[in-house]
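Architecture at a glance
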Amino acid sequence: MNPSPLTFPTAPDRRTLLGLALGAGAALATGLPLTAQAGLPGGVAERSAQVNGVRLHYRIGGRGSAVLLLHGYAQTGHMWLPLMRELMQRHTVIVPDLRGAGGSEKALAGYDKKTMAQDVHALVQSLGHERAIVVGHDIGLMVAYAYAAQFPQATERVVLMDAFLPGIGAWKDVWLLRDLWHFHFHGEVPLALVAGRERIYFEHFWNDFAADPKHSVPEADRRVYAKAYAQPGGMRAGFEYFKSFEQDASDFAALSNTKLTMPVLVLTGEKASGSFLIEQAKLVATDVRGQIVPGAGHWLMEEAPQTVMPAITAFVD
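Now for a description of the structure that goes with this document. Just so it is clear, the structure is predicted and the values come from calculations on it, not from any experiment. Note on numbering: residues in each chain are counted from 1, in written sequence order. The predicted nature of this model means local features are confined to residues of pLDDT at least 70 and side-chain atom pairs, given and counted, to a pLDDT of 80 or more, with totals for whole chains, interfaces and linings taken over all residues. Here the side-chain values reflect all heavy atoms present in the structure, with hydrogen atoms and water set aside.

The next point concerns the nonpolar core. Tyr73 and Met161 are the most contacted members of the largest nonpolar core, which has 102 residues in total. Those residues in contact with methionine 161 that lie beyond four places of it in its chain are Trp80, Val135, Gly136, His137, Asp138, Leu141, Leu267, Leu277, Leu300, Met301, Val308 and Ile312. Nine residue types can take part in a nonpolar core, namely buried Ala, Val, Leu, Ile, Met, Phe, Trp, Tyr and Cys, and a core is a set of them joined through side-chain atoms within 4.5 Å. Think of it in three bands: with a 1.4 Å probe and only protein chains considered, a residue is buried below 20% of the maximum accessible area for its type, exposed above 50%, and partly exposed in between. We call two residues in contact whenever any of their non-hydrogen atoms come within 4.5 Å of each other.

With that settled, the discussion passes to the pairing of strand E3 (residues 66–70). Starting at the N terminus, helices and strands are each numbered in turn, a helix being any DSSP run of H or I of at least four residues and a strand any DSSP run of E of at least two. Of all 5 residues in E3, 5 are buried, a share of seventy percent or more. Burial along E3 is two-sided: Ala66, Leu68 and Leu70 facing one way and Val67 and Leu69 facing the other are all buried. Strand pairing is defined by DSSP finding a minimum of two bridges between the two strands. Relative to strand E4 (residues 92–96), E3 is paired through 3 bridges, and the arrangement is parallel. Counted as the bridge partner of leucine 68 is isoleucine 94 from E4. Taken together, E3, helix H2 (residues 81–87) and E4 form a β-α-β motif whose crossover is right-handed. Looking at chain direction, E3 and strand E5 (residues 132–137) are connected through 5 bridges and run parallel. Counterpart to leucine 70 in the pairing with E5 is glycine 136. Think of it like this: strands point away, you trace from the first strand over the helix to the second, and a clockwise trace means the crossover is right-handed.

The next point concerns the pairing of strand E8 (residues 288–293). Across 6 bridges, the pairing between strand E7 (residues 264–269) and E8 is parallel. Looking across to E8, one finds that threonine 268 is bridged to isoleucine 292. For the crossover that starts at E7, traverses helix H11 (residues 276–284) and ends in the parallel E8, the hand is right-handed.

Checked against the element boundaries, histidine 91 lands in the loop between H2 and E4. Judged by relative accessible area, which is 6%, histidine 91 ranks as buried. Under the rule applied, a polar contact is a pair of N or O atoms within 3.5 Å (in protein, one hydrogen donor and one hydrogen acceptor; residues adjacent in sequence only if both atoms are side-chain atoms). At 2.9 Å, the side chain of histidine 91 forms a polar contact with the side chain of serine 65. Setting aside chain neighbours within four positions, we find histidine 91 in contact with Gly61, Gly62, Arg63, Gly64, Ser65, Val67, Val316 and Asp317.

Over its 12 residues, helix H4 (residues 139–150) runs 17 Å from end to end, which matches the ideal 16 Å to within 8%, given 1.5 Å per residue. For H4, the buried fraction is high: 11 of the 12 residues fall into the buried class. All buried positions along H4 are accounted for by Ile139, Gly140, Leu141, Met142, Val143, Ala144, Tyr145, Ala146, Tyr147, Ala148 and Ala149. Helix span is expected to be 1.5 Å times the residue number reduced by one.

Taken together, 8 strands build an open sheet; the order of strands is E1-E2-E4-E3-E5-E6-E7-E8 and the sheet is mixed. One side of each edge strand has no neighbouring strand; the edge strands of this open sheet are strand E1 (45–51) and E8. Averaged over all pairs of adjacent strands, the angle between strand axes in this sheet comes to 20°, irrespective of strand direction. As paired strands, strand E2 (residues 54–62) and E4 are joined by 5 bridges and run antiparallel to one another. Residue pairing across strands places arginine 59 opposite valine 95, the latter belonging to E4. In this analysis an axis means a line fitted to C-alpha atoms, helices contributing only their contacting stretch, and an angle means the value between N-to-C directions, from 0 to 180 degrees.

Quick look at the structure:
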């Protein structure tokens, strides 16, 4: 029997719930200066653009149809570099730091996912691409859904990776879980508590949301991300992604009245989102294919690149 989209298919263990938690928090990328983003593939340029009232930093490389890669919380566009190397052989790959993340502007407002989707849609359009394939992980998947729902004619395909969709199905079963306290951890006191302790805070995500903390986000990348978030306004912007979930829920509930018709691929970790996100996607789209990555936690690109990268590449191509 297929699990109900309104409940967890089985009683989730603590690590499963934590994986879902991170998914919800995926949107803040690094706040590093552009020169700190080391290891760029050959042929990739770093640029910035003023779009939709915000300055976005982005990476771009390759030639052909556009593929837009959207990062999640506790990371930046830096996370996509391995996949970028693969895809840019056949596509123009666009990798922004989301509003408030990485090298992008730490705006005071606009962290609802509809607005963030409008940001990156305006970026893609400004680069001369009318249509794009959109891939999102964690907070990035929420932005990817909002992109496809608002601009269906401009969206060829969508990939949603390990988190959840606010406002869809039994989303509050995740949002209100005790172990997912970070969804509600925002405001002046939380900001004061994490100031100068950003790395300690993020270790919780990188370790507890992985199937195996020793095979999670690499040390070198952890340093990049922790330094990025420690920039002025970085942690505040990240907390705004969570603070906006109630608005996102209202927006997504309305958007879901019109189903997505383009192909949608959902990739989740067996030890993280499991089938929950796949069943949510079936409530908002008509052409959904789901793949649970065996033995993986939330950090799919880092924990299971040998499975995840070929799956995305095949779907995109």
